[in-house]
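Structure assessment
One-letter residues, chain by chain:
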Amino acid sequence: MKSFFDLQKFRNSLLYNWKEIFLFFSILFVFYINSSYMGYPDEFVNILGGKFILAGKLPYKEFFDHHMPLGWYIASFLLLFSFKSFVLFRVWWAFFTYILLFIGALWIRKNSKEIYTYYLGFFVLYPLISVYYWLHLYLADSLATVFFSLVFWILLVQTIQKKAYFRVLIVSSFLTFFLVFSSLTFSYLALALYVWHIYL
């Protein structure tokens, strides 16, 4: 009886994992579809900043723009695999965003199963609303939104567990810094997140 129960449990978990895998691939597919939808001039400014960095130029000294520089540095990395194709660059940007949020999903599944379902709902909605809020475009605010989302969910898990782990807070504090380093527009949110860190 015990072996049958274990086998049944394994089959159920396998079925659940396949549902998860299908969900994750479906979300990735939506990210991919979004990558081909429209463009905006600020994207090309960020990509140009990435090209300047690859050429060895220093931001704000040898070239200038009013945006924060993290987008340029990430663009310089994505450009290495884009082969001068804007379409391919946008695909890599979609994949980069997906990977960050996917890592968040894996971490939450491991550390807080009661929150995991809600995060999956968020993960499904993110690419669906991206085209409305332009989060699929390679913009400073798009970067900042991704980092804000990750920090918010990390801190939410720590708060609900009523137990803060130092290493996790270090990671979330760096992500908050990346938020500011992406867009000063979100500085007020970063301040609130740092206060949340102190509270924990």
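Look up a bit, the structure's there.
Summary of the structure given here. Computed from a predicted structure; not experimentally measured. (Residues numbered from 1 in each chain as written. Predicted model: local features only at pLDDT ≥ 70, side-chain atom pairs only at ≥ 80, totals over all residues. Heavy atoms only, no water.)

**Points about the overall build of the protein**
Within the protein one finds eight helices and zero strands. In the protein, the order of α-helices and β-strands from amino to carboxyl end is α-α-α-α-α-α-α-α. Principal-axis analysis of the C-alpha atoms gives the protein an extent of 70 × 40 × 30 Å. Relative to its full complement of 200 residues, the protein shows a buried share of 41%. Sequence separation of 24 or more characterises 69% of the internal contacts of the protein that already satisfy a separation of 6 or more. As presented, the protein carries roughly 12100 Å² of accessible surface, and 73% of it is formed by carbon and sulfur atoms. Side chains of the protein give 15 positive and 8 negative charges; the mean places of these two sets differ by 12 Å. (Helix = DSSP H or I, 4+ residues; strand = E, 2+ residues; numbered from the N terminus. Buried < 20%, exposed > 50% of the residue type's maximum accessible area, 1.4 Å probe, protein only. Contact = heavy atoms within 4.5 Å. Areas by Shrake-Rupley, 256 points an atom, 1.4 Å probe, with all protein chains shown as cover. Lys, Arg positive; Asp, Glu negative; His and termini not counted. Charge placed at Lys NZ, Arg CZ, Asp CG, Glu CD.)

**Regarding the packing of helix H4 (residues 86-111) against helix H6 (residues 140-161)**
Packed helices, taken two at a time, are described by the angle their axes make and the gap between the axes. At their nearest, the axes of H4 and H6 sit 11 Å apart, and the two run at 0° to each other. The angle between H4 and H6 places the two elements in the roughly parallel class. Each of Trp-93, Phe-96, Thr-97, Leu-100, Leu-101, Gly-104, Trp-107, Ile-108 and Asn-111 in H4 lies in contact with H6, whose residues at this interface are Ser-142, Leu-143, Val-146, Phe-147, Leu-150, Trp-153, Ile-154, Val-157, Gln-158 and Gln-161. (Axes fitted to C-alpha atoms, helices over the stretch in contact; angles between N-to-C directions. Parallel < 35°, antiparallel > 145°, perpendicular 65-115°, else oblique.)

**Describing helix H3 (residues 70-79)**
At 3.6 residues per turn, the α-helix brings residues three or four places apart onto the same side. H3 sits mainly inside the fold: eight of its 10 residues count as buried. Within H3 the residues assigned to the buried category are Leu-70, Gly-71, Trp-72, Ile-74, Ala-75, Ser-76, Leu-78 and Leu-79.

**Side note on the layout of surface pockets**
A volume near 250 Å³ is recorded for the largest pocket. In this structure, the largest pocket is lined by Leu-100, Ile-103, Gly-104, Trp-107, Ile-108, Leu-150, Trp-153, Ile-154, Arg-167, Val-168, Val-171 and Leu-175. For the lining of the largest pocket, the per-class residue count stands at 10 nonpolar, one polar and one charged. (1 Å grid on protein atoms, 1.4 Å probe; cavity = no way out; pocket = protein on both sides within 12 Å on 5 of 7 lines; lining within 4 Å. Points joined across faces, edges and corners; volume = space filled by probe spheres on them. Nonpolar A, V, L, I, M, F, W, Y, C, P; charged D, E, K, R; others polar.)

**Concerning helix H7 (residues 166-182)**
With 17 residues, H7 extends 24 Å between its outermost C-alpha atoms, agreeing within 8% with the 24 Å of an ideal straight helix rising 1.5 Å per residue. Of all the residues in H7, the buried ones are Val-168, Leu-169, Ser-172, Ser-173, Leu-175, Thr-176, Leu-179 and Ser-182. On its buried face, H7 is in contact with H3, H4, H6 and helix H8 (187-199). (Expected span 1.5 Å × (residues − 1).)

**A look at the environment of Phe-25**
Along the chain, Phe-25 turns up in helix H1 (residues 2-34). Phe-25 sits in the exposed class, given a relative accessible area of 56%. Measuring from C-alpha to C-alpha, the distance between Phe-25 and Tyr-126 comes to 14 Å, with 101 residues separating the pair along the chain.

**Quick look at the environment of Leu-23**
Here Leu-23 is to be found in helix H1. Taking the C-alpha atoms as reference points, Leu-23 and Tyr-165, 142 residues apart in sequence, are found 30 Å from one another.

**Observations concerning empty space enclosed by the protein**
Overall, the coordinates contain one cavity of 30 Å³ or more when judged by the stated rule. Computed from the structure, the largest cavity encloses a volume of approximately 70 Å³. Taken together, Phe-31, Asn-34, Ser-35, Trp-93, Ala-94, Thr-97, Tyr-126, Ser-130, Leu-135 and His-136 form the lining of the largest cavity. Contributing elements (two or more residues each) for the lining of the largest cavity: H1, H4 and helix H5 (113-133). Among the elements that take part in the lining of the largest cavity, H4 stands out by supplying three residues, more than any other. For the lining of the largest cavity, the residue count by class is five nonpolar, five polar and no charged.

**Regarding the packing of aromatic side chains**
Taken as a whole and judged by the stated rule, the model has 30 aromatic pairs. The interplanar angle of 90° and the centroid separation of 4.9 Å between the aromatic rings of Phe-24 and Phe-102 together place this pair among those described as edge-to-face. With Phe-24 in helix H1 and Phe-102 in helix H4, this pair connects stretches of sequence that are 78 residues apart. Each ring, one from Trp-92 and one from Phe-95, has its centre 6.1 Å from the other, and the planes form 75°; the classification is edge-to-face. Of the two residues, Trp-92 and Phe-95 both sit in helix H4, three residues apart, roughly one turn of that helix. Phe-95 sits in the partly exposed class, given a relative accessible area of 37%. (Phe/Tyr/Trp six-rings, centres within 6.5 Å; stacked < 30°, edge-to-face > 60°.)

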